[in-house]
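# A closer look at the structure
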Amino acid sequence: MTASTGRSFRLPGVGAAALALAATGVVTAATAGAETTVPADRVSAAEPDPRHWQRGRARPTASAAKRSAADAATLTVSVRDRAGAAPSTGHAGHALAFDLATGALTVVFLTDGAGTAAVAPGSYLVQAFVETVEPDGETSLSMPARSRVRVAGNTRTALDGRTTVPVGVAVDRAGARLLGGTVQVTMGTPGEQIWYAADFDYSGGVYVQPTGPVPGLNLDVYGRFSDQGAPVSRYLYAVTFRSVGGIPRRPAYAARTRDLAALTVRFSGLDRPGCGRFGVSGRVPGLPVGLGGSVTLGAVPGSYRAYFTPGTDVAWQLNGEVLPSDCAATPGGDFFALPGQRFPAAGAFDVSFGRAPLGPTFGNRSAAEREGDLLWIQVPMYSDGGVGRGGRTALSFEDYPYTTGRTVLSGADGSVLGTSDRTGFGAFEVGPKPARYELTTESTRDAPWSGLSAEQRTSWTFASQNAAGVTPLPLLAVRYDMALDDLNRAPAGPFTFGVFAEQNGAAAAPQVAALTVEASFDDGKSWQWVTVEPDAGRWVAKLHHPAGGGYVSLRATAADRAGNTVEQTTVRAYAVQNQPASARGRNLPGICWAASAFRGPATVIVPRVKKPLVMAVSRIR
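Residues numbered from 1 in each chain as written. Predicted model: local features only at pLDDT ≥ 70, side-chain atom pairs only at ≥ 80, totals over all residues. Heavy atoms only, no water.

### Quick word on the packing of aromatic side chains
A ring pair, where both rings are aromatic, is described by two values, the distance of the centres and the angle of the planes. Note the cut-off: Classification of ring pairs rests on two measures: the distance between centres of Phe, Tyr or Trp rings, Trp counted by its six-membered ring, which must be within 6.5 Å, and the angle between planes, read as stacked under 30 degrees, edge-to-face over 60 and tilted in between. Numbering of helices and strands runs from the N terminus, with a helix taken as a DSSP run of H or I at least four residues long and a strand as a DSSP run of E at least two residues long. Here's how the labels work: a residue is buried when its accessible area is under 20% of the maximum for its type, exposed when over 50%, partly exposed in between, all with a 1.4 Å probe on protein chains only.
Enumeration over the complete set of coordinates arrives at 19 aromatic pairs. Considering the side-chain rings of Phe495 and Tyr574, the 6.0 Å spacing of their centres and the 45° angle between planes classify their relative orientation as tilted. Here the residue Phe495 occupies a position in strand β40 (residues 489-503), and Tyr574 occupies one in strand β46 (residues 565-580), the gap between them amounting to 79 residues. By relative accessible area, which is 0% here, Tyr574 ends up buried.

Here it is as structure tokens:
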């Protein structure tokens, strides 16, 4: 919701909803179909605290404000903080009454710890967020609640922070401290789910109301830990806990490192010194708020560790970012994403980020779509190598950092239909009739952390027509699986790598009718054909790198059986070492990585089991 004044607000306990000051003098908090009307004089001129929030997900048939006086009852709520005092409005601005029959939410606004609201007769879960300044000067947050308040007529109920208990979460690693996390309370209803939550951002702790057994009431706790709780750490813990059927009297949870999934996180260098950041974003069915966070790990190339609670239904997106060597987050670096990862059991796992060649991908999302007569293009153009990868895209207001790009849409006759000064990005109006189009994007960059993919040019041809709804455009991408070292260098001499194709909006591999690859050792001035052999729906490419180091540029073409095509050029796709692998007397570091991704399932996270990886390597050598 957009405010006519351009100002938005978050009220304590309503931080997940966007609040906007309307010209009518009220603020409306959308709750997935329900609306809570907030008098404008209850909105502080200062920005309220966004560290706790709630949502009533039901779509009620009528709000309390619209019920007749004969049908409504008055619910009076009084609140005490953890010291037993009536909190100021700034420390407890409202209570929440959730209808246990529908999940609908009524906000009870408080003044100095007391307030009233009109509600329908029924049963309610009543809760409040209450801040307390503790004796040591730190601020805590308590969430006192009553899991069932029966309302038959005018009703009073009290919420007391002194009856709440601290939520504790810990890991057994010396020096590991809480970096952040969330506490979420959910309850099922015959209508929709009730939910309220708070962040672990209170130095005085977070407190919840113990309930005893309550069917359908769950407590979910997520904590992330780093060295001393600092944003710079060589490791990250992401641990989750759940109590089902009520909130226990001692909600204290601890994880042992040996019982967790231990992930080795490897960053490849991109030809220049860099700094690695690692982040996670988890989704749990039934929890509105995701589980996320990140740490700055250290120098790239490098190897680091992350730990996860196994055996849960959390689907994690793992994110790696290569920044300049000073770790400056602005204006950003190369961002790589690997979604949909799960850790079914404790043990060792591996993941890599930054493996060349960097280029366009459609591995995990639809990045080019048509809605009506509008073509919307937002293709990740600097994704790292591997299966199921994603990455950063250009935006309407900025291109990739240190990058100059351009995207052009043309008709089949070569007429220009639209241009954008962004890489792989644009919105183009076209006619409704079936037609063929050519979409071309090109970019140059000179980033402080990367000399690879210094120039890119990709040209797609495809057919499209107006159709109902949103439809993906059938763009193709040629992707590579290479056994490169931690500096993204291949050995001089004979070299073999995997090639495969992706298609936008398609989970299955496209039906490719033709594919070619060329290589250049002089930054694209001259090209030579690369031998490409089909292999079980993919291809194996073979070429010979000259001695003396340098860079390899790649040019690939592909066409599917429907006539959609791509021509994809990457200048300085990867580097070459000064001497062949045989002269060094050892295997090229990382060869098991590329092989396992090339021959394995659609994931790059693999348990570190030696025998399957050795078998995979033998199949491509």
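### Quick notes on the pairing of strand β39 (residues 476-481)
The condition is simple: A pair of strands is treated as paired once DSSP finds two or more bridges between them.
By the criterion of burial, β39 is predominantly enclosed, with 6 of the 6 residues buried. Across the two faces of β39 the burial is the same, with Leu476, Val478 and Tyr480 and Ala477, Arg479 and Asp481 all buried. Taken together, the 6 bridges between β39 and β40 define a ladder with antiparallel strand orientation. Counted as the bridge partner of Val478 is Ala501 from β40.

### A closer look at the state of the cysteines
What counts here: Two cysteine sulfurs form what is called a disulfide whenever their separation falls within 2.5 Å.
For the structure on display, the rule yields 1 disulfide. Note on cysteine connectivity: Cys275 is disulfide-linked to Cys327, with sulfurs 2.0 Å apart. Taking the sign of the S-S torsion, 95° for the link of Cys275 and Cys327, the bridge is right-handed. Residue Cys275 is found in strand β24 (residues 274-283), and its partner Cys327 is found in the loop between β27 (315-324) and β28 (334-341); the two are separated by 52 residues along the sequence. Relative accessible area serves as the criterion here: at 1%, Cys275 is assigned to the buried category. Judged by its relative accessible area of 28%, Cys327 falls in the partly exposed class.

### Focus: unusual backbone geometry
Among all residues save glycine, negative phi is the norm, and among peptide bonds the norm is trans. Residues Val300 and Pro301 are joined by a peptide bond in cis, for which omega reads 5°. Its location among the elements puts Pro301 in the loop between β25 (291-300) and β26 (302-308). Residue Ala356 is joined to Pro357 through a cis peptide bond whose omega torsion reads 0°. Among the structural elements, Pro357 can be located in the loop between β29 (347-353) and β30 (368-371). Even without glycine at this site, Asp112 takes up a positive phi of about 50°. Tracing the chain through its elements places Asp112 in the loop between β8 (105-109) and β9 (114-119). Residue Ser453 is not a glycine yet carries a positive backbone phi of 50°.

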